[in-house]
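# What the coordinates show
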Amino acid sequence: MSLTRLLFAVFISSAFIFSGASVTECAAQSESVSIKLRSARLRRSPQHWAPGSATLKLGDSLTLLEMKDGWAKVRTSSGAAGYVHETAISDKPIVLKASNRGSSGTSSDDVVLAGKGFNKEVEREFAAQNPNASFADVNRMEAISVRESDLVAFMKAGGLKTNG
Amino acid sequence: MDKTFRLVLIIAALFSGACSQLDPKFRSIGSSVLGATGYVTDSQANSFFTAGEKLGKAAEGLTDEQEYYLGRSVSAVILAQYRPLRNNAAQLYVNKVGKVLAGFSDKPETFSGYHFLILDTDEVNALSAPGGFIFISKGFLRLLPSEDALAAVLAHEVAHVVQGHGVKAIRSSNLTGALLLIGKEVAASQVDPSFQELTSLFGDSVNDITETLITKGYSRGQEYDSDEYAAQLLVRAGYNPAALGTVLRVLEQHDGGDAGGWASTHPDPDDRLDEVEDLIASNPEAARMESARTQRFQRSLPGLTAG
């Protein structure tokens with residue numbers, strides 16, 4: 001390969017590699033993100049235990065204002081601004097689906113269909129085939145909840161940091 | 001076209017697929033440049049982009065929600081083998097310590113949050129399932145002298161979740177098969193062969209993970225990575241990282257590397273100590289409040305600890 005062709009190839013490679021391999025940069029281009037967790041707190045400052053101003057739900061669409069140090073500054077559809085952690089958001093719109101039954105025709109490459117694939121119905125089938133599997137205990141495990149204010153008090157009393 | 005040049009173009013096209021929302025403008029420019037140069041045809045250029053997009057989608061893997069359902073079933077299988085300890089106060093305390101550590105991790109949020117459970121068994125063991133389901137045995141608690149030592153064990157398990165080791169334990173044939181089916185619209189029906197296949201792949205994936213957790217163990221590299229991450233988590237949260245050394249020395253004394261549970265699925269504690277030695281020097285600031293934490297550890301887990 002001649003030097004000219006090699007330089008051209010490196011230029012082309014660089015253009016594509018730098019054109020947006022990171023989710024964060026992709027999200028910044030679209031300026032719209034969705035909550036991908038069952039719920040997430042909209043925080044008043046970019047810290048894990050900062051006071052929350054609202055609870056966001058799976059599929060909620062948000063306007064991305066800024067990304068910094070793993071935190072997204074966002075605005076909700078009702079106009080409230082705050083912070084969510086980057087691991088709570090997707091750069092694709094999330095379409096909620098109550099059931100996996102039937103074809104809705106919403107399976108675009110550009111959206112994520114919540115409830116698709118490994119879901120409640122697949123779990124139910126797995127449970128039927130594995131009667132010893134103890135989903136009742138898993139439900140009890142998930143039901144153990146700690147209030148955030150109690151957790152912050154616990155951290156302070158133990159001399160732990162509170163700025164996660 | 002010589003082979004090296006062709007390879008560079010293919011790599012460029014594959015990288016372009018890493019971002020699913022690649023600006024169409026870039027796609028258009030890339031396609032026309034590749035095509036117009038005469039080095040590749042337009043259709044060849046487009047096929048490179050298609051390959052890149054597919055690679056990008058495969059790399060996306062399971063969603064947080066799908067990991068959560070896998071984690072629930074793995075946990076249900078674990079809880080068929082071990083019963084939860086019936087002590088609400090103790091369970092709440094362990095959840096507080098665990099949730100603090102998870103909050104300082106690089107994955108502080110999972111689909112349904114992190115959950116911790118003490119298992120009512122004398123076996124010395126700790127396990128974590130995808131989605132943030134984490135278990136520690138009563139037998140392990142009995143060896144621990146302090147909250148910081150408990151935090152070290154839980155931090156190691158949180159590290160497995162953050163680093164995605166559970167999902168990586170799924171055989172690639174099962175994961176690829178599942179991802180291909182998930183890409184389709186599958187009707188939840190016992191008469192739909194695709195749904196039956198998806199359920200079967202789900203069961204196989206659950207088996208792959210539980211077999212790794214309970215019998216085979218993760219790779220030595222994954223265990224060392226989790227120890228290293230645990231040491232960092234302890235520092236971030238304000239716990240004394242020296243507690244990880246305490247745990248490994250306690251394990252060494254207890255089993256000498258041959259007593260089932262953690263001993264059979266983890267590298268020798270002595271080797272693990274060597275790997276993290278530089279990361280677990282005692283932190284004077286964290287050590288200052290350690291005795292207060294140890295007191296509440298003893299109060300919260302009466303009769304359950306070595307403290």
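Owing to the predicted nature of the structure, the values given are computational and were not obtained by experimental measurement. Here the residue numbering is sequential within each chain, running from 1 through the sequence in written order. Chains and ligands are labelled by the order in which they are written, letters from A for the one and numbers from 1 for the other. Restriction of local features to residues with pLDDT of at least 70 applies here, the model being predicted, together with a cutoff of 80 or more for giving and counting side-chain atom pairs; totals for whole chains, interfaces and linings are based on all residues. Water and hydrogen atoms play no part in the side-chain values, which are based on all heavy atoms of the structure.

Quick look at the overall build of chain B now. A run of H or I in DSSP becomes a helix once it reaches four residues, and a run of E becomes a strand once it reaches two; helices and strands are each numbered from the N terminus. Looking only at helices and strands, chain B has 16 helices and 3 strands in total. Within chain B, contacts between residues separated by at least 24 positions form 70% of all contacts whose residues are at least 6 apart in sequence. Total accessible area on chain B is roughly 12100 Å²; 51% of this is exposed by carbon and sulfur atoms. Here, residues are in contact when the closest pair of their heavy atoms is within 4.5 Å. For the area figures, the Shrake-Rupley method with a 1.4 Å probe applies, and any residue is considered shielded solely by the protein chains shown.

Residues and elements named next belong to chain B. Among buried residues, those of type Ala, Val, Leu, Ile, Met, Phe, Trp, Tyr and Cys that are joined through side-chain atoms within 4.5 Å constitute a nonpolar core. Each residue is assigned to one of three classes by its accessible area relative to the maximum for its type, calculated with a 1.4 Å probe on protein chains only: buried under 20%, partly exposed between the two thresholds, exposed over 50%. Within the largest apolar cluster, 57 residues are counted, with the highest numbers of intra-cluster contacts made by I136, F140, L144 and L150. With 10 residues, the single largest contributor to this core is helix 7 (residues 147–162). Among all residues touching F140, those that are not within four sequence positions of it are E123, V124, N125, A126, V153, V247, L251 and W262.

All names here are of chain B. We treat two strands as partners when DSSP finds at least two bridges between them. The sheet built from 3 strands is open, its strands ordered 1-3-2 with mixed pairing. Of all strands in the sheet, those bounded by a partner on one side alone are strand 1 (115–119) and strand 2 (126–129). Strand-to-strand twist of the sheet, defined as the mean angle between neighbouring strand axes without regard to direction, takes the value 20°. Looking at chain direction, strand 2 and strand 3 (residues 133–137) are connected through 4 bridges and run antiparallel. Bridge pairing links L127 to F135 in strand 3. Axis geometry follows a simple rule: fit a line to the C-alpha atoms, using only the stretch in contact for helices, then measure angles between N-to-C directions, giving values from 0 to 180 degrees.

Quick look at the confidence of the model for chain A now. All names here are of chain A. Averaged over every residue, the pLDDT of chain A is 81; residues scoring 70 or more account for 73%. As a per-residue measure, pLDDT tells how confident the predictor is, with possible values from 0 to 100. The element-level mean pLDDT for chain A is lowest in helix 2 (residues 23–30), coming to 46, with helix 4 (residues 135–143) highest at 98. This stretch, residues 12–28, has a pLDDT under 50; its non-local contacts, to residues over four places away or in other chains, come to 31 contacts. In this model, residues 99–107 is a region of pLDDT below 50 whose contacts with residues beyond four sequence positions or in other chains number 20 contacts.

Buried residues of helix 5 (residues 148–157) of chain A: L151, V152, F154 and M155 of chain A, and no others. Along helix 5 of chain A, the residues classed as buried sweep out an arc of 155° about the axis, all on the same side. When the buried face of helix 5 of chain A is taken as reference, the exposed residues oriented beyond 90 degrees from it are S149, K156 and A157 of chain A. On the buried face of helix 5 of chain A, the contacting elements are helix 5 (88–103), helix 7 and helix 16 (290–300) of chain B. In the segment just after helix 5 of chain A, G159 of chain A is the residue with positive phi, at about 70°. What the arc describes is the spread of directions from the helix axis to the C-beta atoms.

Before going further, it helps to spend a moment on a negative patch on the surface. Residues and elements named next belong to chain B. Patch membership requires over 30% relative accessible area and the absence of a salt bridge. Like charges are linked within 9 Å, and nonpolar side chains (Val, Leu, Ile, Met, Phe, Trp, Tyr) within 5 Å. Within this document, salt bridges are pairs made up of a side-chain nitrogen of Lys or Arg and a carboxyl oxygen of Asp or Glu, the two lying within 4 Å of each other. Counted as positive: Lys and Arg. Counted as negative: Asp and Glu, with His and the chain ends omitted from the count. A charge is said to be at NZ when it belongs to Lys, at CZ for Arg, at CG for Asp and at CD for Glu. On the surface, D225, E228, D270, D274, E275, E277 and D278 cluster together into a negatively charged patch. Mapped onto the negative patch, the elements with two or more residues apiece are helix 11 (220–237) and helix 14 (269–276). Among the elements that line the negative patch, the one with the most residues is helix 14, at 3 residues. For D278, the location among the structural elements is in the loop between helix 14 and helix 15 (284–288).

Let us now look at the environment of F154 of chain A. Mapping F154 of chain A onto the fold places it in helix 5. Taking the relative accessible area as the measure of exposure, F154 of chain A reaches 7% and is therefore buried. If we skip the residues at most four places from it in the chain, F154 of chain A touches Y93, K96, V97, V100, E147, Y239 and R296 of chain B.

It is worth spelling out the packing of aromatic side chains at this point. In this description, an aromatic ring pair is defined by two values, namely the gap between the centres and the angle between the planes. Two aromatic rings, drawn from Phe, Tyr or Trp (for Trp, its six-membered ring), form a pair once their centres lie within 6.5 Å of each other, and the interplanar angle then sorts them: stacked below 30 degrees, edge-to-face above 60, tilted otherwise. Inspection of the entire model under this criterion finds 9 aromatic pairs over all chains. Measuring from ring centre to ring centre gives 5.1 Å for W49 of chain A and F104 of chain B, while their planes differ by 50°; the resulting arrangement is tilted. Here the residue W49 of chain A occupies a position in the loop between strand 2 (39–43) and strand 3 (52–57), and F104 of chain B occupies one in the loop between helix 5 and strand 1, the pair thus bridging two chains. For the pair formed by W49 of chain A and F104 of chain B, the shared burial category is buried. Measuring from ring centre to ring centre gives 5.0 Å for Y68 of chain B and Y69 of chain B, while their planes differ by 70°; the resulting arrangement is edge-to-face. Among the residues examined, Y68 of chain B registers a relative accessible area of 3% and is labelled buried. A network of ring pairs unites the aromatic residues F118, F126 and F135 of chain A together with F202 of chain B as a single cluster. Ring-over charges, as used throughout, are those where CZ of Arg or NZ of Lys falls within 6 Å of the ring centre and within 35 degrees of the ring normal. R296 of chain B extends its terminal NZ or CZ atom over the ring of F154 of chain A, reaching a point 3.6 Å from the ring centre.

Before going further, it helps to examine helix 4 of chain A. Regarding helix 4 of chain A, the residues found buried are F135, D137, V138, M141 and E142 of chain A. The arc that holds the buried residues of helix 4 of chain A, viewed along the axis, is 155°, so those residues lie on one side. Elements in contact with the buried residues of helix 4 of chain A: helix 3 (120–129) of chain A together with helix 4 (64–81), strand 1 and strand 3 of chain B.

What follows covers the environment of L233 of chain B. Residues and elements named next belong to chain B. Mapped onto the elements, L233 comes out in helix 11. Residues L233 and V100, 133 residues apart in the sequence, show an inter-C-alpha distance of 9.8 Å. If we skip the residues at most four places from it in the chain, L233 touches L101, F104, S105, A155 and V158.

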